[in-house]
Each structure stands twice: as C-alpha cells, then as structure tokens.
Amino acid sequence: MVVKKKKKEIQVTALTICHQDLETLRSLADAEGKNLASLLLRCVQLTDGVSQIHCVKQIVPLLEEADKNGTCNATIRSCLDILAGVYLSLSLKNPLKKVLASSLNCLPEFFLTEAIQSFTSRLQEELNTTDLYSYRKVIDNISSCMENFNLGITSVNNLLENVLHFLQKSLIEISEENRKFAGNHIVQTQLMNDLMVGVRVAVTLVQKTQGLQSAHLTISSSPAWQCMCELLSIFTRFLNDDDLLRTIQSTSGLAVILFIKAMFHPPEKIPGLISSVLLRSVNCTGVPEWFLNSCRSLCCADVSEAALLFLCQGALTMLDWQGGRMGPSGEALLLDTARVLFTLSSQIKESALEMFLSRILASWTNSAIYVLESSSPSLKDSLNGNSSIIKRLLEYVYTHWEHPLDALRHQNKIIFRNILRMHQLTLPEAEVDQSDLAADHFTFELTQSLLRLEWHIKGKYICLGCLVDCIGVERILALAKTIPSQILEVMGDQSLVPYASDLLETMFKNHKSHLKSQAVDSTWVDKWHETWVSPLLHILCEGSLDQKSYVIDYYLPKLLNCNPESLSYMVKILQTSADAKTGSHHSRGALGALMACLRTARAHGHLQSATDAWGSLVCSAKIKQGLIHQHCQVRIDTLGLLCESNRSTEIVSTEEMQWIQFFITYNLNSQSPGVRQQICSLLKKLFCRIQESSQVLYKLEQNKSKHEPENEFTKQHPSVSLQQYKSFMSSICNSLFEALFPGSSYPTRFSALTILGSIAEVFPDPEGQAQTVYQLSHDIDVGHFQTLIGCLTSTFETVKILAFDLLMKLPKTVVWLQDSEKLQGLFQAALTLSTSTKPYDCVTASYLLNFLICQNALPSSLSTYLTQQVLCGDGDKSAAVVESNTLMVIKCLLENLEEEISQAENSLLQAAASFPMYGRVHCITKALQQLPLK
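Not measured: the values here are computed from a predicted model.

1. Overview of the overall build of the protein chain
- Across its full length, the protein chain holds 45 helices and 0 strands.
- Looking at the protein chain as a whole, 52% of its 934 residues are labelled buried.
- Only carbon and sulfur atoms are counted for the fraction: they give 51% of the accessible area of the protein chain, which is about 43700 Å².

Right, dumping it as structure tokens:
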C-alpha cells in the first residue's frame, strides 16, 4: 500500500529593511500605489515570506513597463539601491535571496547601469566591516553574488581588489581567533566552518572572476597581485596546520594549486613545478621569488603526509587533464602523482586520511583516462595491464576491498572499474573487439584469479560486476558455466546476500542484452532461462530455508523486473513438478516455490489482474492446496498472493473472497506466534484493499452515467461488487465470532480477536456523509457482545487486552449499552470478581470496570457514591465523563476495601493474607489509569 506523506509547509523568513530605507519608500510611494516604491513598501510590510516572494516577482514586470517610457527617475534609482541592500541583508539559505537574484537577472538593460552602481556601493559597505563575527555574512554574500547572479558577478569584478583584501584580512583574523579558543570545541567548530567557507569562496573567485585572468595579474606590484600572494601564503599555512580540520586542509590544497595555476607563467611549466613540489625536489634558484615567499614551506623536504596528499588532490582537480592539453610534462606529473600516492598509502594510518586517499586515487584514475583518451603513445606503455602502476593499483584494491567503511569500498569499485577502462584504452583497436578473452592476457588472468577466490570475499562480487560491465558476461560464462549456481549457493549467508544479488542482476541483465542483440527470433530466451531461471527454481525447491528466503526477497524480484515474461516459464515448470511433489511439513516442495513466485510477481506488479492470472497460469485447486499446505510458509505465501497487490485500489475478486473464507476456516488455530502475526497482517492488507477499492466503486456508481467504467469493472456493475464486499465481510466476521466459542484455544482466540480488531480499525463508523462499505457494529448482536465479554474472563492476558480493545473500538450507541438491568448485572459481576482469590478474575474485573467507565455505561444507582462534582478545565466533556465515572467506581471499591480490612480484625498479617483486598487494589489501580491526573 502507498503511504501518503503530509506535504511539508514551506517556511520562508520575511525580509526586513532599516528605518531609513522604510521612510524613503514611504516618501516615494505614489498615491495610486502603482510605482516601484509602493510595491516594495507593500512587500516589506508583509510578515509572511511566501507572500513576499510573490511581490518580488512583480518587480521586473513593473520595471519593464517603466522601460517603455525610457526613464530612470530618482524613485527607481532609490528603489534599486534599497533592493541591493535587501539582497545583501538576506541569509544565504533564505529562498527570497534566490528569487530576488532570479528576478534581477531579468532586469531591463536600461536600468543595469544604475543597478550595478547600487550593488557595487552596497557591497563596498559590506566589505568595510571590522566585526570579526560579521565576516561570515559578508563571505556568504560574496559567494551568492558569484552564483548565477549577473549583477553580483559584475559588482565583485568592480571591487576585485577590495574583495581579495577582505578575504585575506578575514582569513587571518578568523584563524587567530580560532587559535585563541583552543580547547573550546563549540566556538572552534563555528570558526573553522567560517575558515572553510572563506577558502572555498577564494577558490570560486579565481575560477569565476575574469579580472584575475587579465590585467590585474600582469603587474606584479598591483594590489590584486599582492593580495593573491598573501592568500597563497595563508593557504600554504592552512595546508601544513594539522590542528585544523582535514576538510580545511583539503580545500587549501585545491586553493594552492589553483592560485599557482592562475599566477605562474608560462603555463606549460606549471606541471613541472608541481611535480617538483610533490617529489620534494624544488630548485629554489629556478622558481620565482613570489612563489618562494608564499610557498616556502612546500619547498622543504619535511612536508607532511597530509599536505602532500591534498596537493595531489589539488593537482588532479584543478589542472585540465582532458584532451592531453598539458602535453608531455602533464603526463610526467600524472605518473609522479601516482608514485607519491602509492608511497602515502603505505604510510597513512589515520582513517580520515585513508578515506581522502581512496577518493584521490579514484580521481587519479579518472584523470589518467582523460589523458589516455587523447591517444598518448608514451603514457599507454606506462599504464597498460602489465605496468607497475596498474599492478600497484590492483594491490591497493585487493588490500582494501574488505574495508569496513562503505564509502571507501565504493571508491575501491571506481578504481577497479577505471583500471579495466585504462587497460582497454592501451590496447590496439584490433584487440579490443576480439571475443576471445584469452587473447587479452591481462584481463584473462585477472578474471581467472577472481574466479579462483573463495565466494566469502565480498570484494570478489564487486570486481566481477565491473568485469561484466567491461567485457560482458558471455566471456565469464565461457570460463565458468556454473557461476549462477555457485552464487546462488552462497545466498544462505545474510552478509553476502546483497553482494551476490547485485552481481547476479548485473550478469543476467548483461546476458539478456547480449542474447537479444545476437538473436534473430525469440529463441534467445530459452538459453537465458536455462542459465538464470533454472538454478533459481532448483534453489526454491531444494535449497535450505535461508537460501530460499533470501533468494525470494533479493533475487527473484530483480529477475522478474528484468524479464516479466519469465513468470510463465517458472509457473509451467513448478506446476508440473508440484503434481509430483507437493512438499510436506518440513519441505515447501515445488508447490511452495510456485506460490512464492506468484506472490512476488503480484507484489511487484507483474500480475495486474488476479482472476485472469489464475485462469491462465495456475488452477484453483493449486491455490486451495497451498492455503491448507502442511508447511506454514506455503500457506503464508499463498495467502500473501491473495492479499498483497502493488495497487491498493485493486478490486478483490469473488474467487479471491471465496479462497480467503476457505483459508480462515482452517488456519485460525496456528500454533506458531510468527505465523499468526503474518496471517493477521496480510488480512489487514486485504481489508485495506477492500476499503480503498470500495471508494473507487462508489465514485464509479455515482458517475456511471457520465463516464465509461474501466476495464476492471466491466464484468459487473459497481453496486454488485459493493454488495459482494458487504456479504464477504459479514461472513468473515460471523466466522470469527463463531471461532470464539467457550473453550476455544488461545491461538484461535488471538487470531480471531486480532483480525476483528483490524476490521474495526479499517472500517470505522462513518462521519457525516462519508460512505463505508462495511460497519462491524451492524453485525454485532447481543450474542456477539456476550462472546466478547466472555473473552475478558480468559486466563490469558493477551486475549483480555484484545477483547477489551475491540470493545473500545465499537460505537457507544449500540442497543445493549442502553439496558440498565444488564449493565447493573455486569457491574455486580465485576465487583464479585474483584474479590476472587484467582488473580485472573481480578484482572477481568478491572477490564470490565474500565470498559463500563469509558463507555459511560455505569448503573445510575452508582451516582450516590459521588459527593463532589468533577470539573475538567474549560471543557472536554468526554474527559469529564470518564473522570466522573472513574471516581464513582473507585469510591465504590474503596468502600468494599474498607470492609475487607475491618474484617481482618486489625491484624496486618491477616489483612495481607486476605487476597480479595488485593483484587480491589488491582481494580483501583486500573481505574486510576483512566484519570487525567497531573
């Protein structure tokens, strides 16, 4: 069934402006309220952010009207200035900020000059702030200005030197403040987060701002150049500071490489410079002075492991590897980076750095593929399957494929997949297309070595899946024909099931695609069935309990989703086998496998019409046989087949209803608690289907003159189906009440009461004009009521609870609650039971009394016990009634309790031995639970 989620309401913080801007808008607003100032005034006076969004969207249409007149008067200029202030005052996460930016991106060209001046002026004011704890807001504003906002980008370009200077100043001051608060983790967390955002904004600034690519950096004495050098120095210091968060160091590594790329000339020498830094072999006499001044610590031999790691990341991320644009020096840098990473992999022990290393290695393989795709002959020799780098990468994969971190194993998969891709790119074109796997020595040996590994190694599944994607499953099947059966055999181990099922799915999808592309008719499916379906059917019939369960839950749905037509093949084989071997108490047999396949198919939408499916796939006798099978799981699967559907409004057919009644007749007395729970749960799903499909039937009945019914309903009139539903539910309820006869077993009572409780819950009494196909209260007569009361006398607490809950779900206006004599008798019976020497009788008394209290069904004579009127606040009348009734019952019980104590001749031991007293106390305790005590 589909659960409808409640739509989350959008919360938008309303924008506000300063008093001065507000007064400006009031002075500029026109009497008619049609100019821009009037619109903005209305907007800021709203307290709802969502309403303000609608106002903001009206700004550009209004300015487009003004554009036709070709005037940009003082009012518009002032309003544009105020809008710039509003934009910069909004928080980064406020949707109003993005809406305003989107609107201003469509500003008529006539007003752009004024708007740019306003934004530049307001941003300049922001950059002049000296409050350290306001820096983050300014940094966020710089970031938002560069994010798809034309006015913002232009303003940042206009103030480039100021922005660079501000970033330099803010990063220095925030890092100093962070150092002062060493040990105060709450403050440091916020400050380090500010540092992280500041470094990221500096990176974005260099990437997106054209000014840093041209005139500003041509003169080494320019203020912009000096700020760049200072920022580079700051990033270098962050990179080497292990007291900072690793993410700050990582981002600083990106920034260092990016700034070097932007500042170093000529560009073709950049790879050589970075290589020398990574290999710790920088020639200080051959590099510019600005580089030495800014990055001196990176030119030393004792650069930390973390710094080297993040410099490698920066090189792989910030340099342009596509198309072989960096030439031979870029290829040399790529190989040097790999060697550094391999060295670091043997040295790094910290888990966070291990995670970074795996990502960076995966990034390295992506960069290598980009360069190989440019057909570099020299690099192909260094990266083919027999090269030392590929062997080291494979060694890394084998070492880490059982790593406990999911994210690291995922990176491992990327690395292995890219190894295969890299090797393919190094092969001559003639060898790539060969179907004989043995011709490719590297891939052949790799496949053989993986197949020789034990199946308990999880990494084996991931790597084989990558191989299938790379070379196709046909080549693997040629080496190991029984691999589907081998994988299915290990699916009894829960820890391996997800890996095994994913690999099988990859294989059978690839195989299907290959066979269909090669075949000229539909005969390909026979080979596919033989390879993938036949081993499945063998497990379902002969496998262990765990194997069957996991195969049904994980493998079977994926197989049917891939090829739904295979269901007919499965049913045909299993139905033939079921005729010969139906199974037993200890074995599901072929019949159990058949029901499991049908249930899974229907639950996943491959059996759209149940009745049609029975007629074409399986006979009615097999369904009935499954419903009373000796093995409990076969019965559950068959019931699930009838109750479950991927559509909650699917009509329950007449035949299905007959089978459900047949099932209930023979299965209420199940001795297994788990089976009872499943039966009750599945039947509740069926009742929900009846309820939801009945609503569809009611609508069809009302609109039958206007619309043609759907195919599903053409067989009979909606009113006929609704009447069948009513008859079916009445018949079910009568059968369940009959099962509650005196002396019936605990399992039977548990099942019947639980199912009746579900019916009462799914089919509540309608409110107003609501329609419901069934009401349980209509089928409960005096005999049924007394049956439920009788269940309260059960020695099993669970039965008492279920019966009490069902009684409480019934409406309070039924006839038998209006008979004062019967109520008096019921109340007297409860009082008598409360003095019983049997514990379960006292419990029965407490449930009876609580029922009478909550239903307001106490005898009128009991009101003499209430000496003081109960007040219940302002007014919940039902709560007041319950409280009043509870107090009456407690006073009555206390009076009897006093008599018991007095009869004990004032002896504490004799009083304690008088069990009826404890019966009274138990009832009082239960009654007190109804009181809304504070």
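2. Thoughts on the pattern of salt bridges
- Enumeration according to the criterion identifies 26 salt bridges in this entry.
- Across the salt bridge formed by Glu126 and Lys137, the nearest N and O atoms sit 3.3 Å from each other. Of this pair, Glu126 sits in helix H7 (residues 112-127) while Lys137 sits in helix H8 (residues 135-145), and the two are 11 residues apart along the sequence.
- With a shortest N-O distance of 3.1 Å, Lys685 and Glu644 are connected by a salt bridge. Taken together, the residues span a long stretch of sequence, with Lys685 in helix H36 (residues 673-702) and Glu644 in the loop between helix H34 (632-643) and helix H35 (654-667) at a distance of 41 residues.
- Overlapping salt bridges, with partners in common, bring together Asp502, Glu505, Lys509 and Lys558 in one network.

3. Some details on the side chain of Asn35
- Note on placement: Asn35 falls in the loop between helix H1 (19-28) and helix H2 (36-45).
- Not counting the four nearest positions on each side in its chain, Asn35 is found in contact with Leu28, Ala29, Asp30, Leu62 and Thr75.

4. Some words on helix H28 (residues 524-542)
- For H28, with 19 residues, the first-to-last C-alpha span of 27 Å sits near the 27 Å given by 1.5 Å per residue.
- Residue Glu530 marks the point of greatest curvature in H28, where the axis turns by about 40°.

5. What about unusual backbone geometry?
- Of note, the bond from His265 into Pro266 is cis; its omega dihedral lies within 30 degrees of zero at 0°.
- Unlike most non-glycine residues, Asn148 shows phi in positive territory, near 55°.
- Turning to its location among the elements, Asn148 is positioned in the loop between H8 and helix H9 (150-158).
- Take Asn148: its relative accessible area is 63%, and that puts it in the exposed class.
- Phi is positive for Arg280, which is not a glycine, with a value near 55°.
- Considering the arrangement of structural elements, one finds Arg280 in the loop between helix H14 (270-278) and helix H15 (289-295).
- For Arg280, a relative accessible area of 36% gives the class partly exposed.

6. Considering the packing of H8 against helix H10 (residues 160-180)
- Viewed as axis vectors pointing N to C, H8 and H10 meet at an angle of 145°, and their least axial separation amounts to 11 Å. Our pair here, H8 against H10, has a crossing hand that is left-handed. Facing H8, whose interface residues are Tyr135, Val138, Ile139 and Ile142, H10 presents Val163, Phe166, Leu167, Lys169, Ser170, Glu173 and Ile174.
- For the contact of H8 with H10, the residue count by class is 8 nonpolar, 1 polar and 2 charged.

7. Considerations on the nonpolar core
- Trp364, Ile759 and Leu776 are the most contacted members of the largest nonpolar core, which totals 296 residues.
- Considering every element that reaches this core, the biggest residue donor is helix H18 (residues 351-372), with 12 residues.
- Excluding its chain neighbours within four sequence positions, the residues that come into contact with Trp364 are Leu316, Leu334, Thr337, Ala338, Leu341, Leu383, Ile389, Leu393 and Met422.

8. Quick look at H2
- With 8 of 10 residues buried, H2 lies mostly within the body of the structure.
- Those residues of H2 not exposed but buried are Leu36, Ala37, Ser38, Leu39, Leu40, Leu41, Cys43 and Val44.

9. Re the environment of Ala202
- Tracing the chain through its elements places Ala202 in helix H11 (residues 185-208).
- For the pair Ala202 and Ser143, spaced 59 residues apart in sequence, the C-alpha separation works out to 9.0 Å.
- Not counting residues up to four positions away in its chain, the partners in contact with Ala202 are Leu167, Phe235 and Phe259.

10. Re the packing of aromatic side chains
- The final tally for this structure, using the stated rule, is 22 aromatic pairs.
- Site record: aromatic cluster; members linked through ring pairs are Trp225, Phe264, Trp290 and Phe291.
- In this structure, Lys624 packs its charged tip against the face of Phe662, placed 5.2 Å from the ring centre.

11. Here we look at the confidence of the model for the protein chain
- On average, residues of the protein chain score 85 in pLDDT, and 84% of them are at 70 or above.
- The low-confidence segment residues 866-875 (pLDDT under 50) makes 12 contacts with residues lying over four places distant or belonging to another chain.
- Across residues 904-917, confidence stays below pLDDT 50; counting only partners more than four residues off in sequence or on other chains, it has 18 contacts.

12. Description of the packing of H34 against H35
- Contact pair H34 / H35: the axes reach a minimum separation of 10 Å and the direction vectors enclose 150°. When the interaxial angle is binned, H34 and H35 end up roughly antiparallel. Here H34 runs over H35; the crossing is left-handed. Of H35, the residues touching H34 (which contributes Arg635, Leu639, Leu642 and Cys643) are Glu656, Trp659, Ile660, Phe663 and Asn667.
- Considering only residue class, the contact of H34 with H35 consists of 6 nonpolar, 1 polar and 2 charged.

13. Looking at the state of the cysteines
- Counted according to the given criterion, the structure contains 0 disulfides.
- Counting only cysteine sulfurs, Cys597 is the nearest neighbor of Cys541, a cysteine outside any disulfide, at a range of 8.3 Å.
- For Cys541, a relative accessible area of 15% gives the class buried.

14. Observations concerning the environment of Ser745
- Tracing the backbone shows Ser745 in the loop between helix H37 (718-738) and helix H38 (746-762).
- For the pair formed by Ser745 and Asn669, sequence separation is 76 residues and the distance between their alpha carbons is 7.3 Å.

15. Brief notes about the side chain of Thr754
- By the secondary structure assignment, Thr754 is in helix H38.
- Among the polar contacts listed, one links the side chain of Thr754 to the backbone oxygen of Phe750, at a separation of 2.7 Å.

16. Some points on the environment of Ala500
- Within the secondary structure, Ala500 is located in helix H27 (residues 497-518).
- Given a relative accessible area of 0%, Ala500 falls into the buried group.
- Distance from Ala500 to Val551, taken between C-alpha atoms, is 9.9 Å for residues 51 residues apart in sequence.
- In this view, Ala500 contacts Tyr461, Ile487, Val490 and Met491; residues no more than four positions away in its chain are not counted.

Reading the values: the criteria
Residues numbered from 1 in each chain as written. Predicted model: local features only at pLDDT ≥ 70, side-chain atom pairs only at ≥ 80, totals over all residues. Heavy atoms only, no water. Helix = DSSP H or I, 4+ residues; strand = E, 2+ residues; numbered from the N terminus. Buried < 20%, exposed > 50% of the residue type's maximum accessible area, 1.4 Å probe, protein only. Areas by Shrake-Rupley, 256 points an atom, 1.4 Å probe, with all protein chains shown as cover. Salt bridge = Lys/Arg side-chain N within 4 Å of Asp/Glu carboxyl O. Contact = heavy atoms within 4.5 Å. Expected span 1.5 Å × (residues − 1). Bend = angle between axes of the 7 residues up to and from the residue. Axes fitted to C-alpha atoms, helices over the stretch in contact; angles between N-to-C directions. Left-handed = near helix turned anticlockwise from the far one by under 90°. Nonpolar A, V, L, I, M, F, W, Y, C, P; charged D, E, K, R; others polar. Core = buried A, V, L, I, M, F, W, Y, C linked by side-chain atoms within 4.5 Å. Phe/Tyr/Trp six-rings, centres within 6.5 Å; stacked < 30°, edge-to-face > 60°. Lys NZ or Arg CZ within 6 Å of the ring centre and 35° of its normal. pLDDT = per-residue confidence, 0-100. Parallel < 35°, antiparallel > 145°, perpendicular 65-115°, else oblique. Disulfide = S-S within 2.5 Å. Polar contact = N/O pair within 3.5 Å; in protein donor to acceptor, adjacent residues only side chain to side chain.

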